[in-house]
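What follows is each chain in one-letter form.
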Amino acid sequence: METLLTAGVLDIYTALGLILLAGFTSFVTGTMGLGGGMLLLVVMASVMPIAALIPVHGLVQLGSNASRAVMTFNYLDRAMFKYFALGTLLGAIAASFVVVQLPLAVIQLAIAVFLLLMVWGLKPSPREMSRPGRVIAGALTTFLSMFVGASGPMVASVVYRNGYNKMTHTATFANCMTFQHSLKAIVFTMVGFSFWQWLPLVVAMIVSGAIGTWLGLKLLNRIPADKFKLAFKLILSVLAVRLLYQGIMSL
């Protein structure tokens, strides 16, 4: 059992720590709308082989978002999801043909500016995003996620522009992310990454994440809508500033 959890690479204490962390980060995302995925990525980056980092993180996030998507499915904006999913498919196909990794600093800076504009920039009107806008958002965030791992803040900022209430936001965000991570797993399998070595650890992290998601959604129901929106904007802004700093320091 110990060998299965560690994938023959990690020590057992690190593996158990990642399992507990998956539950905590899913709780954070379930409660505040986002943030857990990037926190998990940062920690995993310090203990896992770089070649396995983004594929394994994506599979864990697939499980975490899938559980949240199922628990909130009745609140889903199906029109938003339909066009975003179409863009996601196009972005995944394009990414599968890219063999040269893009400069990480450039991507970090671009995402940071994108987040700040989406959250704090002038909003032309309160209406929902156009159909082409949804398709483009799905394609762009999926393509970039193949290289940087955590596309959650980008997708969350796109969903945020529709002005949903907190439950519709959570449901739509979770379903968009579930579909996106599903295609990422397919792409990484097609390019030769073998998930089998990591599967027991991933399953354990997904189970832990489902528990964290359930607890987080319970708390979400008790958070006033205005406080949720303010906290959400602040979290996105902190993540954007962090990416700006990382991108500048990497140049």
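In the block above lies the structure referred to throughout.
None of the values given here were measured: they were computed from a predicted structure.

Peer 1: Hey, could you run me through the overall build of the protein chain in this one?
Peer 2: The helix and strand tally for the protein chain stands at eleven helices and zero strands. Seen in sequence order, the protein chain has helices and strands lined up from the N terminus as α-α-α-α-α-α-α-α-α-α-α. Expressed as a percentage of its 251 residues, the buried residues of the protein chain come to 55%. Contacts spanning at least 24 positions in sequence make up 85% of the contacts within the protein chain whose residues lie at least 6 apart. Counting only carbon and sulfur atoms, one obtains 72% of the accessible surface of the protein chain, whose full area is about 11800 Å².

Peer 1: I tried to follow the packing of aromatic side chains on my own but got confused; where do I start?
Peer 2: Any two aromatic rings considered together are summarised by their centre-to-centre distance and by the angle between their planes. This structure, assessed with the given rule, holds one aromatic pair. Considering the side-chain rings of F81 and F179, the 6.1 Å spacing of their centres and the 80 degrees angle between planes classify their relative orientation as edge-to-face. Here F81 is found in helix α5 (residues 78-95), whereas its partner F179 is found in helix α9 (residues 166-190), with 98 residues between them in sequence. Looking at F81, the relative accessible area reads 22%, which means it is partly exposed. Here F179 falls in the partly exposed class, since its relative accessible area comes to 27%.

Peer 1: Would you mind going over the packing of helix α8 (residues 152-160) against α9 with me for this structure?
Peer 2: Helix packing for two helices is described by the angle between their axes and how far apart those axes are. For the pair α8 and α9, interaxial distance at closest approach is 10 Å and the crossing angle is 135 degrees. Taken together, the axes of α8 and α9 are oblique relative to one another. Pair α8 / α9 crosses with right-handed handedness. Contacts between α8 and α9 pair G152, V155, A156, V159 and Y160 from the former with H169, T172, F173, C176, M177 and Q180 from the latter. Residues that form the contact of α8 with α9 fall into these classes: seven nonpolar, four polar and no charged.

Peer 1: It is not clear to me how the packing of helix α4 (residues 50-71) against helix α10 (residues 199-220) should be interpreted in this structure. Could you clarify?
Peer 2: With their axes 8 Å apart at the nearest point, α4 and α10 run at an angle of 35 degrees to one another. Handedness of the α4/α10 crossing: right-handed. Taking contact as the criterion, the partners of V56, L59, V60, G63, S64, S67, R68 and M71 in α4 are, on α10, L199, V202, M205, I206, A210, T213, W214 and L217. Residues of the contact of α4 with α10, tallied by class, amount to eleven nonpolar, four polar and one charged.

What counts and how
- Residues numbered from 1 in each chain as written.
- Predicted model: local features only at pLDDT ≥ 70, side-chain atom pairs only at ≥ 80, totals over all residues.
- Heavy atoms only, no water.
- Helix = DSSP H or I, 4+ residues; strand = E, 2+ residues; numbered from the N terminus.
- Buried < 20%, exposed > 50% of the residue type's maximum accessible area, 1.4 Å probe, protein only.
- Contact = heavy atoms within 4.5 Å.
- Areas by Shrake-Rupley, 256 points an atom, 1.4 Å probe, with all protein chains shown as cover.
- Phe/Tyr/Trp six-rings, centres within 6.5 Å; stacked < 30°, edge-to-face > 60°.
- Axes fitted to C-alpha atoms, helices over the stretch in contact; angles between N-to-C directions.
- Parallel < 35°, antiparallel > 145°, perpendicular 65-115°, else oblique.
- Left-handed = near helix turned anticlockwise from the far one by under 90°.
- Nonpolar A, V, L, I, M, F, W, Y, C, P; charged D, E, K, R; others polar.

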